[in-house]
Amino acid sequence: MKKLVGLAAVLTLASSLSAFAFEPAKTECIAPAAPGGGWDFTCRQVGKTLQDLKLVPGSMQVTNVAGGGGGVAYAEVVSKRDADNELIVAASSATATRLAQGAFPGNTMDQVRWIGSVGADYGIIAVAKDSPVNTLPELMDMIKKDPSAVSVAGGSAVGGWDHLKVLIAANKAGVEDVRQVKYVAFDGGGEAVTQLLAGSVQAFTGDASEAKGFVDSGDIKVIAVLAPERLEGDFASFPTAKEQGIDVIGANWRGFYAPGSMSDDAYAYWVDAIGKVYASDEWKGIMAANGLAPLDLQGDEFQAFVKESIDSITNLSKQIGIVK
Amino acid sequence: MDTLASLADGFAVALTWQNLFLALIGCFLGTIIGALPGLGPSNGVAILIPLAFTLGLPATPALILLTSVYYGAMYGGRISSILLNIPGDEPALMTTLDGYPMARAGKAGEALAISGIASFVGAFFATWGLVFLAPQLVKVALLFGPAEYFALFVLAFATLGGVASRNQAKAAFAAALGLGIATIGVDGQTGVPRFAFGEVHLYDGIDFLVAIVGLFALSEVFIFLEHRAGGSGADGAMKVGRVIPRWKMVRETVPAMGRSTILGFIAGVLPGAGASLGSFISYTFEKRISDRNGTFGKGDPRGIAAPEAGNNAAAGGALVPMLALGVPGSGTTAVLLAMLLALNITPGPLLFQQNPDVVWGLIAALFIGNLMLLAMNLPMVSLFVRVLLIPTRYLMPAVAMISFVGIYGISGSTFDLMVMIAFGVLGWVLRKLDVPLVPIILGVLLGDQMEKNLRRAMTIHDGDWTMLFNSWLAIGLWAFAIVGFVLPLIVGRYFRPKIADEPIAEGADPD
């Protein structure tokens, strides 16, 4: 009899928490980089929101598995944590880029399940405030005329996302051989902007959030935002590339993947939880604070989105010779 | 004075019980983090970010906590450099050169006290520099393009000979080894992995800390294991000596501190140079200027004062581009920057106008933290030196343990532990061959940046080498580099015989 009461109590408790067949006991988020980076913040902020909204029991543990630009964490999840139902891993465009270019040796996107996005940081292309260039087509014409006259600085390595954005734009603008576009890699967007101010380079490619401080002070001139439509707030006055006839969207998205053999119930639970975080007011505040623009994709939609972006990056990387 | 009024407002922000308490905690934790091999300022700050998050601290207190840890770690790094010949973090590397010989000569207490004072002087004046010069100094940072940075790193390498007191060829070999190690990992300018052998763990290159802890701490443990049978090694009987330095010694080091503060501060202001370059340049410059009798490298107090003032001044300098441009001048400021962004503060040219309470509160907290650190560090010297009284057979296992825990704690990767052990064995072999270890780390630290900047300059100018001498600044740096390299070869003739005559077999360690 006592047993029965206990069971009933457990059942009521379980049903009161949520309607899912899967309930996590303790949850974990792997940040595939050292503390302090973008993935680390994705884990910590989403973890905190999950906790505040009582979507997970207690707090979410954040584990840092640094190395190989996320490759170490990816390999570990695939080989050792493949059936873990309580684990999610932070990811971004960089993850997709590296998967597309085979920079995670032996790993493909099908080995994990993609859960959902929590926002995107749209790309911008900017020049110094006293530059004669005022629009994206003008910059592209300069590149067409003499590719060696324009150096574009960005915070990622060659073949990385900052580089690819410019190449996609150049491709759409009709630059025949995109390999001629001169890209100079710096350690992070901040250093790249500084070199733009110093006059060492002629243009900058990066994320909207990286450039915000300099846009506010008027030191740089944003000539194109690589978003489907104009951004809100401070960036509202800058035209999109699309408006200027160059149809290119460069979104540095942030989101999560989960182990490949996660049960369907657990997957449904996580898709729902991340969706709820995205829809919450708390998260809207965090997005505004961090310069994240909306990108609302969960479950299958997100899976398809990642697949599509990996395919297009693979094509482009083949064109520029990074992938053979 | 506007600036002073703002600073006074800053003190009003910083002087609350909560903030003072956070600064105290930060300074204390920072000192320990800095002293432990394997944990440097950037990891220390990164590890504490979650704490600041969990406590739900607003922007100013969170920054006060984290910058106190930063300054504390810059102070703390010297402790294990001096006492154990193991740099606690990368900027404290140069302090081993004279610090450890001083400790061996029974002057550990004085070495710690001098370096504590030097740290204070460097950090104190650098903070004043931050107050008055930040807007102007930002313009200096903008003068440096890739070509100028390359010339700056060439200058650093040209003076490398100053590090090795004895065999220049072996120092050159060690530096070359370091340059080689620096090339491991994905090459940013082509996106292609080099010397990674398909191993994902190597794509990010070799972490400096893994190399430092392996080369210095583990090789020390190996040497201990090797001599264990010998029993009564000289190490066990190290004297502690006096704790308060003689006034004469302090006075002698004052010019070194002054010069090094300026050099370190400038190195810190340049994003992409940083504290390691600051302490390195300060040391080699000081050695060139004042090493009349060849005492540097054998326990000269000026050889401790210079790098410590230099690296602490650089820590203050690195805050200039971070606050005024939003560009990190060092690994630690990169982490602080991420923290600022998470707190909804956009660093950049307008930060001083938009968030004056944060900026000036932070600067005031730096002054407070710095005083606290001095007050904390000087009396604690007598506590620190007791480490030397611990018999080596207890100390070494602890060093090994801290090394493993520290390195594993950063990356959570057992691969890094293997790399660390490999470096430990390498360090042990190199010590046997009497090859100095410091130039290896300098090769790794500086070589990486030197290569990147050369490649950037070449890309921008389509491979035109003459563009490396395109500005007066670059030409000036090249001239200094050439003079710094050639002059000792000529002038050295007059001093060298005297140095060479001195008995080398003082029983000093290979480095």
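On a predicted model such as this, the values are computed, not experimentally measured, just so you know.

### Observations regarding the overall build of chain A
Of regular secondary structure, chain A possesses 11 helices and nine strands. Against the compact-globule benchmark of 20 Å for 324 residues, chain A has a radius of gyration of 22 Å, which places it among compact chains. Residues counted as buried form 55% of the 324 residues belonging to chain A. A fraction of 77% describes how many contacts in chain A between residues 6 or more apart in sequence connect residues 24 or more apart.

### Considering the overall build of chain B
Along its length, chain B carries 19 helices and two strands. Against the globule reference of 24 Å for 511 residues, chain B gives a C-alpha radius of gyration of 22 Å, in line with a compact fold. Overall size of chain B, expressed as C-alpha extent along the three principal axes, is 65 × 55 × 50 Å. Looking at chain B as a whole, 59% of its 511 residues are labelled buried. Partitioning the intrachain contacts of chain B with sequence separation of at least 6 by distance along the chain shows that 81% fall at a separation of at least 24.

### Notes on the nonpolar core
Residues and elements named next belong to chain B. Counting 285 residues, the largest nonpolar core has L66 and I441 as the members making the most contacts within it. Here this core takes 17 residues from helix α6 (residues 108-143), the largest share from any one element. With residues near it in sequence (within four places) discarded, L66 still touches V45, L48, A52, L336 and M339.

### Digging into helix α12 (residues 302-325) of chain B
Residues and elements named next belong to chain B. Across its 24 residues, α12 extends 34 Å between first and last C-alpha, which sits within 8% of the 34 Å expected from 1.5 Å per residue. In terms of residue burial, α12 counts as a mostly covered element, since 24 of its 24 residues are buried. Just beyond α12, the residue with positive phi is G326, at close to 75°.

### Observations regarding unusual backbone geometry
Backbone geometry places K54(A), a non-glycine residue, at a positive phi of 60°. Checked against the element boundaries, K54(A) lands in the loop between α2 (38-52) and β2 (61-64). Taking the C-beta count within 10 Å as the criterion, K54(A) has 10 such neighbours and is therefore assigned exposed. Even without being a glycine, D434(B) presents a positive backbone phi close to 65°. With respect to the helices, strands and loops of the structure, D434(B) is situated in the loop between α17 (414-432) and α18 (438-460).

### Digging into the environment of V438(B)
Mapped onto the elements, V438(B) comes out in helix α18. Distance from V438(B) to Q354(B), taken between C-alpha atoms, is 43 Å for residues 84 residues apart in sequence.

### What to know about the packing of helix α4 (residues 93-100) of chain A against helix α11 (residues 299-320) of chain A
Residue and element names in this part refer to chain A. Where α4 contacts α11, the axes come no closer than 8 Å and their chain directions differ by 55°. The orientation of α4 with respect to α11, classified from their angle, is oblique. Seen along the crossing, α4 lies across α11 with a hand that is right-handed. Here A96, T97, L99 and A100 of α4 come into contact with α11, specifically with V306, S309, I310, I313, T314 and S317. Considered class by class, the residues forming the contact of α4 with α11 number six nonpolar, four polar and no charged.

### With respect to the interface of chain B and chain A
Between chain B and chain A, the contact holds 44 residues from the first and 44 residues from the second. Counting residues per element, the ones that place at least two in the side of chain B that touches chain A are α3 (41-54), α6, α13 (331-342), α16 (392-411) and α18 of chain B. Of the residues that constitute the side of chain B that touches chain A, the class distribution is 25 nonpolar, 16 polar and three charged.

### Some details on the confidence of the model for chain B
Residues and elements named next belong to chain B. Here chain B averages 81 in pLDDT, and 90% of its residues register 70 or above. When pLDDT is averaged over each element of chain B, α17 comes out on top at 92 and helix α19 (residues 472-501) at the bottom at 70. Note that residues 232-236 has pLDDT below 50 and, in this model, six contacts with residues that lie over four places away or in other chains. Contacts for the low-pLDDT stretch residues 496-511, under 50 throughout, to residues beyond four places or in other chains number 14 contacts. This prediction of the complex comes with two scores: 0.80 for pTM and 0.78 for ipTM.

### Examining the domain arrangement of chain A
Residue and element names in this part refer to chain A. According to the domain assignment, chain A consists of domain 1 (24-120 + 251-320) and domain 2 (128-244). Look at where the C-alpha atoms of domain 1 and domain 2 centre, and you get two points 27 Å apart. With 13 residues of domain 1 at the interface, the matching set in domain 2 holds 14 residues. Top element by residues in the side of domain 1 that touches domain 2 is α11. It accounts for five residues. For the side of domain 1 that touches domain 2, a count of residues per class yields five nonpolar, eight polar and no charged.

### A few points about helix α10 (residues 281-289) of chain A
Residue and element names in this part refer to chain A. All of the buried residues along α10 are W283, I286 and M287. Angular distribution of buried residues about the axis of α10 spans 100°; they occupy a single face of the element. With respect to the buried face of α10, the exposed residues turned more than 90 degrees away are D281 and G285. The secondary structure elements touched by the buried residues of α10 are α2, β4 (112-128) and α9 (264-279). Downstream of α10 by one or two residues, G291 has phi in the positive range, about 70°.

### Topic: the pairing of strand β8 (residues 220-225) of chain A
Residues and elements named next belong to chain A. The element β8 is extensively covered by neighbouring structure, given that five of its six residues are classed as buried. Across five bridges, the pairing between β4 and β8 is antiparallel. Looking at β8, one finds that I125 is bridged to A224.

### Focus: the pairing of strand β1 (residues 28-31) of chain A
With four bridges joining them, β1(A) and β2(A) adopt parallel strand pairing. Its bridge partner being in β2(A), I30(A) is matched across the sheet by T63(A).

Conventions adopted
- Residues numbered from 1 in each chain as written.
- Chains lettered and ligands numbered in written order.
- Predicted model: local features only at pLDDT ≥ 70, side-chain atom pairs only at ≥ 80, totals over all residues.
- Helix = DSSP H or I, 4+ residues; strand = E, 2+ residues; numbered from the N terminus.
- Rg over C-alpha atoms; globule rule 2.2 N^0.38 Å.
- Buried ≥ 20, exposed ≤ 12 C-beta atoms within 10 Å, placed from the backbone.
- Contact = placed C-beta atoms within 7 Å.
- Core = buried A, V, L, I, M, F, W, Y, C linked by C-beta atoms within 7 Å.
- Expected span 1.5 Å × (residues − 1).
- Axes fitted to C-alpha atoms, helices over the stretch in contact; angles between N-to-C directions.
- Parallel < 35°, antiparallel > 145°, perpendicular 65-115°, else oblique.
- Left-handed = near helix turned anticlockwise from the far one by under 90°.
- Nonpolar A, V, L, I, M, F, W, Y, C, P; charged D, E, K, R; others polar.
- pLDDT = per-residue confidence, 0-100.
- Domains from an automatic or database assignment.
- Arc of directions from axis to C-beta.
- Pairing = 2+ DSSP bridges.

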